[in-house]
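# Chains, contacts and geometry: an overview
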Amino acid sequence: MLSESPLAAAWTRLADLAARPDSRDIRALFAADPERARRFSVSFEDLTLDLSKSAIDGEALVALLDLAHVADLDGFRTRLFAGEVVNPTEGRAAMHMALRSAADAGMRAALPGGVDEASRLAAAERDKMRDFVRKVHDGELRGCTGQTFDTVLNIGIGGSDLGPRMAVDALTLAGTPRLRARFLSNVDGHAFAALAQELDPARTLVLVASKTFTTLETMTNAHAVRDWMVAKLGDGAVGAQFGALSTNLKAVGEFGIRPDHVFGFRDWVGGRYSVWSPIGLPVALAAGWEAFQAFLDGGAAMDAHFRDTPFAANLPVLLALTGIWHIDLLGLRTHCVLAYDERLRRFPAYLQQLEMESNGKSVMLDGHPAARATCPVVFGEPGTDAQHSFMQLVHQGTQAVPVDFVFAAVPDHDRPEAHRILVANALAQSEALLRGKTRAEAEAEMRAKGMPETEIARIAPHRAFSGNRPSNTIMFRHLDGYALGRLIALYEHKVAVQGWLWQIDSFDQWGVELGKVLAGGIIPDLSAGPKPGAHDGSTEALIRRFRTLRGEG
Ligand code: F6P
C-alpha cells in the first residue's frame, strides 16, 4: 500500500481531529482548561488576538502548526520577503512590504529580466509624495484660478479605491482632515452627479488612481471629471489640478497629466495591496504625512513580526490557521468581520477584496482543481449596527458563521460611557455566540416573568441559542496610523498564508476578466440592438427589454 505524503498525512490528521464528536464544543474546551483564554491569546505590542473562542483545542493547534511546517510555509515566507515570483500565473513578485520598508531595508523584487531595488524605489517615490503633500497643505500648489485646494477627489476602483477610502475614514472620520477626501469609483453616472453637487471645481485636486490606467470605470469617470472641470475652468485645470497614481506612465502622459503630478509604482504591487504605494496619496493628503508614515511603520512592524516570529506565536499565521480549521475542517464557508469602530466602517469592504479577490480560487498552483474549500464569503458591518440586521442569523441561523470582532480600547472622543457601551456590545456578542442559552434557561426566564406554562412551552424553542459559535477578538489600544497599518498587514499576511496552504495563487485575479470582456461586447449592443446569437437567450432578451423601456427598440 502506498503511504500518504507528509502533507496529505497532516490534512488527514486534522480531519480525524475534526471528526471527534466534541470538536465543536467550545464551552467544553473552556470548562476543561481554566487557562484557555491565556493559552489561546497572542499579542504583538498592544495588539491582542484572542483565539480562545474558536473551536480549536491544543491537539488541533499542534496539528495545524504541523500542517504549516510540512507545507513549507517557512519556505514560502522566505521567498515572499526575498521578492521572488510568488504570483506565478502573472510571473510577478508580491513585494508590497517594500512600500512600507525603510529606504535602506534592501528589499528587492524579481522582474522578468532582472530585479528591482524595491525599498529604494519606494522610498524615492515616497519623498516625491511627501513634497507634493507639503505643497498642497502649504498652499504652494493651487488650482488654476489661484485658489487653494479644499478637496482631493480620488478616481479609482477596487484596490485603487478601497484601501485609501478605508484608511481615510479610519484616520479622519472623527477629526478634522487636513484636506477633505472624496472618492469616485462607480461608473454609474449618479455617483459623479452626487459628487458634482458638493465639489467646488476651482478648489478640487483630482487624482486618477489606476495601476493599469486602462480600467473602464476609472477612465470613464476620469474623462467625465476632466470634461466637467474644463467646462467650468478651462483647459488650464488639467495641468494644475490633475494628478495620477499608476504604473502605466505612458497612458498617464497621453491623458495630459503633468509629469511632476505623477506618482508611479511597479507591477510587483498588486492592486489590493497598493494602499501603501502612491495609491495611498489621498490618505496622506487627508490625514497628514505623519499619520500616513505611521501607517507605513505599522505595516512594517507587522511584516517584521510575521517574518521573524515562530509560527506558534505569529499572529498572521495563527489567524490563518484558525480560518483553515473553520473553513476546511468544520465546513464553515462564511466569515463575518465586525469592527466596533465607526471609523472602520469601510474595513469589511476592504477585506472583501483582500480576501475574496486573493483566495477566491478553485485551481491550485499545479493546475489541478483545489483539493479543499478555499476562501469563505466575507461580509461585515460596523458594530453595533450589525446587531440590528444580520446578527440574528449569526446567533440562531442554521449555519455557524465565524466572526472577527475588532476594536480599540481608547477612543478619540471624550464620551467614555459611549465607548464602554460600544465595547460591552462587542464582548456581549462574542460571549453570547459562545455561551448560547439552553431551552431550560429560556423557560426559567419566562417562568420568572409569570408566563403561563403553555406559552412557555410554545415560545421556549425560539428563545434558545445553541451557543458554541466561534469568534476571534482583535483588540488594540488606540486607532491611529500605526495601529491601522498593523491591522491591515495582519490580514494581508493571513490571506497569503491561507493561499499558500491551499496551494493557490493568492496574487492573481483572472476571475475578474471575463465580465470585463463581455461588458465590452454588450456596450455597443445596448445602443444598436443585440446581434443575433451573440448572447445567451436571457441576456439577449434583457438587452431588447432595456431598449424597449428606453423607447429605443
Ligand atoms: O477588479 C480587478 C482589478 O484588477 C483589481 O485587482 C484592481 O484593484 C482593480 O481592478 C483596479 O485596477 P486598476 O488600479 O488598474 O484601475
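Scoring rules and cut-offs
- Residues numbered from 1 in each chain as written.
- Predicted model: local features only at pLDDT ≥ 70, side-chain atom pairs only at ≥ 80, totals over all residues.
- Heavy atoms only, no water.
- Salt bridge = Lys/Arg side-chain N within 4 Å of Asp/Glu carboxyl O.
- Helix = DSSP H or I, 4+ residues; strand = E, 2+ residues; numbered from the N terminus.
- Near = heavy atom within 4 Å.
- Polar contact = N/O pair within 3.5 Å; in protein donor to acceptor, adjacent residues only side chain to side chain.
- Areas by Shrake-Rupley, 256 points an atom, 1.4 Å probe, with all protein chains shown as cover.
- Phe/Tyr/Trp six-rings, centres within 6.5 Å; stacked < 30°, edge-to-face > 60°.
- Buried < 20%, exposed > 50% of the residue type's maximum accessible area, 1.4 Å probe, protein only.
- Pairing = 2+ DSSP bridges.
- Axes fitted to C-alpha atoms, helices over the stretch in contact; angles between N-to-C directions.
- Domains from an automatic or database assignment.
- Disulfide = S-S within 2.5 Å.
- Patch = residues over 30% accessible without salt bridge, like charges linked within 9 Å, V, L, I, M, F, W, Y side chains within 5 Å.
- Contact = heavy atoms within 4.5 Å.
- Expected span 1.5 Å × (residues − 1).
- Core = buried A, V, L, I, M, F, W, Y, C linked by side-chain atoms within 4.5 Å.

A word on the pattern of salt bridges. Going through the model one piece at a time under the given rule, you end up with 43 salt bridges. Its salt-bridge partner being Glu-140, residue Arg-134 comes within 3.1 Å of it at the nearest N-O pair. Glu-417 is the salt-bridge partner of Arg-420, the closest N and O atoms lying 3.2 Å from each other. Taken together, the positions of Arg-420 and Glu-417, both in helix H17 (residues 416-435) and 3 residues apart, correspond to about one turn of that helix. The structure contains a network of salt bridges with shared partners spanning Asp-131, Arg-134, Lys-135, Asp-138 and Glu-140.

On to the site of the ligand, then. Inspection of the region around the ligand gives 14 residues, with Ser-160, Ser-210, Thr-212, Thr-215 and Glu-357 positioned closest. At 2.7 Å, a backbone N or O of Lys-211 approaches an oxygen atom of the ligand. Within the contact set of the ligand, an oxygen atom lies 2.6 Å away from a side-chain nitrogen or oxygen of Glu-357. In the complex, 87% of the free accessible area of the ligand, which totals 390 Å², lies under the protein chains.

All told, the structure shown has 13 aromatic pairs when counted by the stated rule. Arranged with centres 4.2 Å apart and planes meeting at 10°, the rings of Trp-276 and Phe-295 form a pair that is stacked. Separated by 19 residues along the polypeptide, Trp-276 in the loop between strand S9 (262-264) and helix H12 (281-287) and Phe-295 in helix H13 (residues 289-308) bring together distant segments of the chain. Both residues of the pair, Trp-276 and Phe-295, count as buried. Seen in terms of ring centroids, Phe-347 and Tyr-491 are 5.5 Å apart; in terms of plane orientation they differ by 80°. Their pairing is edge-to-face. Of this pair, Phe-347 sits in helix H15 (residues 347-359) while Tyr-491 is found in helix H20 (residues 481-502), placing the two residues 144 residues apart along the sequence.

A separate point is the sheet that holds strand S7 (residues 204-209). Reading across the sheet, the 5 strands line up as S6-S5-S7-S8-S9 and stay open at both edges, with parallel pairing between neighbours. The two strands at the open ends of the sheet, each matched to only one other strand, are strand S6 (180-184) and S9. Averaged over neighbouring strand pairs, the angle between their axes works out to 20° when direction is ignored. Bridge count between strand S8 (residues 242-246) and S9: 3 bridges; the pairing is parallel.

Further remarks concern the domain arrangement of the chain. When the domains of the chain are assigned, the result is domain 1 (6-70 + 295-409 + 470-508), domain 2 (121-287) and domain 3 (511-549). Measuring from the centre of the C-alpha atoms in domain 1 to the corresponding centre in domain 3 gives 40 Å.

Okay, the state of the cysteines next. In this structure the tally under the stated criterion is 0 disulfides. As a non-bridged cysteine, Cys-336 has Cys-375 as the owner of its nearest cysteine sulfur, 14 Å distant.

What follows deals with a nonpolar patch on the surface. A cluster of nonpolar side chains, contributed by Leu-514, Val-517 and Leu-518, occupies part of the molecular surface with about 320 Å² of accessible area. With respect to the helices and strands, the residue Val-517 is situated in helix H21 (residues 513-528). We classify Val-517 as exposed; its relative accessible area is 57%.

Working note: regular strand, side chains alternate between the two faces of the sheet. Among the 8 residues that make up strand S12 (residues 403-410), 6 are buried, leaving the element largely enclosed by the rest of the structure. Both strand S10 (residues 334-339) and S12 contribute to a ladder of 4 bridges, which runs parallel. Each bridged residue has a counterpart across the sheet, and for Ala-339 the counterpart in S12 is Val-406.

Looking now at the sheet that holds strand S11 (residues 377-382). The strand order S1-S2-S13-S12-S10-S11 describes an open sheet built from 6 strands, whose pairing is mixed. On the outer flanks of this sheet lie strand S1 (41-44) and S11, each paired with one strand and no other. Mean inter-strand twist for the sheet, computed between neighbouring axes without regard to direction, equals 15°. Sitting on the sheet, H15 is in contact with S10, S11 and S12, with an inclination near 165° to S11. Running over the sheet, H17 touches S12 and strand S13 (471-478) and is turned about 150° from S12.

Helix length check: helix H22 (residues 537-549), at 13 residues, gives a terminal C-alpha distance of 18 Å against a target of 18 Å (1.5 Å per residue), a fit within 8%. The inward-facing, buried residues of H22 abut H21. The N-terminus of H22 is capped by Asp-536, whose side-chain oxygen sits 3.0 Å from the backbone nitrogen of Ser-538. Within two residues after H22, Gly-551 carries a phi angle of roughly 70°, on the positive side.

Our focus in this paragraph is the nonpolar core. In this structure, Trp-325 and Phe-347 are the most contacted members of the largest nonpolar core, which totals 119 residues. Of the residues forming this core, the biggest block, 13 residues, is contributed by H20. Of the domains in this structure, domain 1 (6-70 + 295-409 + 470-508) and domain 2 (121-287) are the two that each give at least three residues to this core. Ignoring sequence-local partners within four residues, the contact set of Trp-325 consists of Leu-14, Leu-17, Ala-18, Ala-55, Ile-56, Ala-60, Leu-64 and Leu-330.

The subject of this paragraph is the pairing of S7. With 6 of 6 residues buried, S7 is to be regarded as a mostly interior element. With burial as the criterion, each face of S7 is covered, one bearing Thr-204, Val-206 and Val-208 and the other bearing Leu-205, Leu-207 and Ala-209. Summarising the sheet, S7 and S8 pair through 4 bridges and their orientation is parallel. By the bridge assignment for S8, Ala-209 is matched with Leu-245.

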